[in-house]
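# Structure assessment
Each chain, letter by letter, is given below.
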Amino acid sequence: MSPKCAMVKRAYAPGQHGQSSFSKMSEYGKQLREKQKARRIYGMGETQFSNYAERAGKVEGNTGDNLMKLLETRLDNVVYRLGFAVSRSQARQMVSHGLIVVNGKKVSIPSYHLKEGDAVEPKNKAAYKEMKISGIPTWIECDAKKIVGKIKHIPSREEIDTTVNESLIIEFYSR
């Protein structure tokens, strides 16, 4: 692990101009970076994400908290949180292919908004016989024997572990 090792992380960009001083990021740049980070985490396009930000502003309460609640209660995110999928993109594909059932009905829309009391389960339960229960959020109730997840309540911001500064995102869209 010498200083020339490729695995050593440096605080500057690679190449001959990497160590030169760089300009400080503007406030707009910070807001844009945070918005892009959230978009990539939840795997959605710009139009869809901006629609979520707009809808969060119309709901009563803190707009940033409302945005995070809307993003967390999407069907593809809940499938990921329950452990039916390894990643959010895999969960999105599972929902798109019709492999997820909500309240006994097949749903193939990844952006489907779940409400309190909705039950989420895979269509083919045989593939999930040894389901891990660790890491499931407190706002989701999971029955490992029946292989069903149920929304106990809409999550508060403290229960959402995504490392996004939602206030910067709301500032970005309030320009």
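Residues numbered from 1 in each chain as written. Predicted model: local features only at pLDDT ≥ 70, side-chain atom pairs only at ≥ 80, totals over all residues. Heavy atoms only, no water.

## Things to note about the sheet that holds strand E1 (residues 100–102)
If you walk across this open sheet you meet the five strands as E2-E1-E3-E5-E4, and the pairing is antiparallel. For this open sheet the edge positions go to strand E2 (105–106) and strand E4 (140–143), each flanked by a neighbour on one side alone. Strand direction decides the pairing type here: E4 and strand E5 (residues 148–151), joined by four bridges, are antiparallel. What sits directly across from cysteine 142, in E5, is glycine 149. (Pairing = 2+ DSSP bridges. Helix = DSSP H or I, 4+ residues; strand = E, 2+ residues; numbered from the N terminus.)

## Describing the packing of aromatic side chains
Applying the stated criterion to the full structure yields three aromatic pairs. When the centroid spacing of 5.7 Å and the interplanar angle of 35 degrees are considered together, the rings of tyrosine 28 and phenylalanine 172 count as tilted. In this pair, tyrosine 28 sits in helix H1 (residues 27–42) while phenylalanine 172 sits in helix H6 (residues 166–173), placing the two residues 144 residues apart along the sequence. Members of the aromatic cluster, connected to one another through ring pairs, are Tyr28, Phe49, Phe172 and Tyr173. Between the NZ or CZ atom of arginine 88 and the centre of the ring of tyrosine 42, over which it lies, the distance is 4.9 Å. (Phe/Tyr/Trp six-rings, centres within 6.5 Å; stacked < 30°, edge-to-face > 60°. Lys NZ or Arg CZ within 6 Å of the ring centre and 35° of its normal.)

## Overview of the side chain of glutamine 31
Relative to the assigned elements, glutamine 31 resides in helix H1. Residue glutamine 31 is classed as buried on the basis of its relative accessible area of 4%. A distance of 3.1 Å separates a polar atom in the side chain of glutamine 31 from a polar atom in the side chain of glutamate 171. The contacts of glutamine 31, once residues within four sequence positions are left out, are Leu168, Glu171, Phe172 and Arg175. (Buried < 20%, exposed > 50% of the residue type's maximum accessible area, 1.4 Å probe, protein only. Polar contact = N/O pair within 3.5 Å; in protein donor to acceptor, adjacent residues only side chain to side chain. Contact = heavy atoms within 4.5 Å.)

## Side note on the nonpolar core
Core analysis: the biggest nonpolar cluster contains 21 residues, and Leu75, Val78, Val79, Phe84, Ile100 and Val120 have the highest contact counts within it. For this core, the secondary-structure elements that each account for two or more residues are helix H4 (75–82), helix H5 (88–96), E1 and E4. In contact with isoleucine 100, other than residues within four places in its own chain, are Leu75, Val79, Phe84, Met94, Val95, Lys105, Lys106, Val107, Val120, Glu121 and Pro122. Tyr42, Tyr52, Leu71 and Ile169 belong to the second largest nonpolar core, which has 14 residues in total. (Core = buried A, V, L, I, M, F, W, Y, C linked by side-chain atoms within 4.5 Å.)

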